[in-house]
Amino acid sequence: MNEPQVLIVMGSDSDVAIMEEAAKILDNFGIRWEMRIASAHRSPKKAAALASGAAERGIRVIIAGAGMAAHLAGVIAAETVLPVIAVPIPGGALNGLDALYAMVQMPGGIPVATMAIGKAGAKNAGLLAVQMLALGNLELAASLLRYKETMADEVEQKDRALQVRLQDK
C-alpha cells in the first residue's frame, strides 16, 4: 500500500497553502497522497490526463482546489469515475464566492462534492476523503471515530476552562 490513494490537485502554486490542509488531515490518518498542479484553462490536457490515469495508479479519491472560474474539479470529474471533492480557493474580486458557485453548479451527470471556501474546506475535503476510504476499512473507520471523540473532548476541556474563568470573576 505504498501507492497514494488520494490525489490533491490545484490550479496554481498559490493554492498550496490552502490545499496543504487536506494533506495534513490525510497525514494524520496515515493515508498516502500526491499533490499536483494542473489548470483546467492553462493546461487542460494535463488535467485530463491526471484524472483519466488516476484510478490505474491506485488513486481512490481526488481533491481539486481552484479559484475564480474554478472549472478544475468539473474537468477532473468529467475524466474519471472516482469521487471528486472540490475546494473553492478564496481570491479574485469575489473572494472565492465565484469558485464556490462554479463548483456547486455542476451539470447533472458530473457530480462534484463541494466544500467550504478556503482552509476549512480543504480540511473537510481531507476528512471526506478519509470517510470515503473508511467505507471499506474498519481500522480507518475506528480512527475517524477516535478523531471525532478527540474533538468533543477538546470542546469539553475548553468549556471547563471557561467555567473556571467565569467563576473567578
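Being a predicted model, the structure only gives us computed values, none of them experimental. (Residues numbered from 1 in each chain as written. Predicted model: local features only at pLDDT ≥ 70, side-chain atom pairs only at ≥ 80, totals over all residues. Heavy atoms only, no water.)

Novice: What should I look at first to understand the UniProt feature "domain: PurE" (unreviewed entry) in the protein chain in this one?
Specialist: Mapped onto this numbering, the UniProt entry gives "domain: PurE" (unreviewed entry) at residues 4-155. Here residues 4-155 is 47% helix and 16% strand, with 33 Å between the C-alpha atoms at its ends. (UniProt positions renumbered as here; feature names shortened; annotations may be inferred. Helix = DSSP H or I, 4+ residues; strand = E, 2+ residues; numbered from the N terminus.)

Novice: Teacher, can you tell me more about the pattern of salt bridges here?
Specialist: Following the criterion strictly, the structure yields three salt bridges and no others. Residue Glu21 is joined to Lys24 by a salt bridge in which the shortest nitrogen-to-oxygen separation is 3.0 Å. A residue pair is termed a helical-turn pair when its members lie 3 or 4 positions apart in one helix, as Glu21 and Lys24 do in helix H1 (residues 16-28) at three residues. Between Arg57 and Glu34 there is a salt bridge, with its nearest N and O atoms 3.1 Å apart. Separated by 23 residues along the polypeptide, Arg57 in the loop between helix H2 (44-52) and strand E3 (61-67) and Glu34 in strand E2 (residues 33-37) bring together distant segments of the chain. Residue classification places Arg57 among the partly exposed residues on the basis of a relative accessible area of 28%. (Salt bridge = Lys/Arg side-chain N within 4 Å of Asp/Glu carboxyl O. Buried < 20%, exposed > 50% of the residue type's maximum accessible area, 1.4 Å probe, protein only.)

Novice: Is there a simple way to explain the environment of Pro83 in this structure?
Specialist: Mapped onto the elements of the fold, Pro83 is located in the loop between helix H3 (72-78) and strand E4 (84-89). Note: C-alpha distance between Pro83 and Ile62 (21 residues apart in sequence) is 6.3 Å.

Novice: Please clarify how H1 should be interpreted in this entry.
Specialist: Its 13 residues place the ends of H1 18 Å apart at the C-alpha level, agreeing with the 18 Å of an ideal helix rising 1.5 Å per residue. Elements in contact with the buried residues of H1: strand E1 (6-10), E2, E3, E4, helix H5 (119-134) and helix H6 (138-167). Immediately beyond the C-terminal end of H1, within one or two residues, lies Gly30, with a positive phi of roughly 70°. (Expected span 1.5 Å × (residues − 1). Contact = heavy atoms within 4.5 Å.)

Novice: Sorry if this is basic, but what is going on with a nonpolar patch on the surface here?
Specialist: A cluster of nonpolar side chains, Leu94, Leu97, Tyr101, Val104 and Ile117, forms an exposed patch at the surface whose accessible area comes to about 440 Å². Relative to the assigned elements, Leu97 resides in helix H4 (residues 97-104). Judged by relative accessible area, which is 35%, Leu97 ranks as partly exposed. (Patch = residues over 30% accessible without salt bridge, like charges linked within 9 Å, V, L, I, M, F, W, Y side chains within 5 Å. Areas by Shrake-Rupley, 256 points an atom, 1.4 Å probe, with all protein chains shown as cover.)

Novice: Looking at this model, I keep getting lost on the nonpolar core. Mind explaining?
Specialist: For soluble globular proteins, the rule of thumb is that nonpolar side chains tend to be buried together. Ranked by internal contacts, the top residues of the largest apolar core, which has 27 residues, are Val6, Ile8, Met19, Phe29 and Ile63. For this core, the secondary structure elements donating two or more residues are E1, H1, E3, E4, H5 and H6. Ranked by residues supplied to this core, first place goes to H5 with seven residues. Apart from the residues lying within four places of it in its own chain, the contact partners of Val6 are Leu26, Ile31, Arg32, Trp33, Glu34, Ile59, Val61, Ile63, Ala129 and Leu133. Core analysis: the second largest hydrophobic core is formed by 23 residues, Leu50, Ala73, Leu82 and Val84 among them. (Core = buried A, V, L, I, M, F, W, Y, C linked by side-chain atoms within 4.5 Å.)

Novice: Can you help me understand the packing of H5 against H6 in this one?
Specialist: The geometry of a pair of packed helices is captured by two quantities: the angle between their axes and the separation between those axes. For the pair H5 and H6, the least separation of the axes is 8 Å and the interaxial angle reads 140°. Classified by the interaxial angle, the pair formed by H5 and H6 is oblique. The hand of the H5/H6 crossing is left-handed. In this structure, H5 uses Lys123, Leu127, Val130, Gln131, Leu133 and Ala134 to contact H6, whose residues at the interface are Leu140, Ala141, Leu144, Tyr147 and Lys148. (Axes fitted to C-alpha atoms, helices over the stretch in contact; angles between N-to-C directions. Parallel < 35°, antiparallel > 145°, perpendicular 65-115°, else oblique. Left-handed = near helix turned anticlockwise from the far one by under 90°.)

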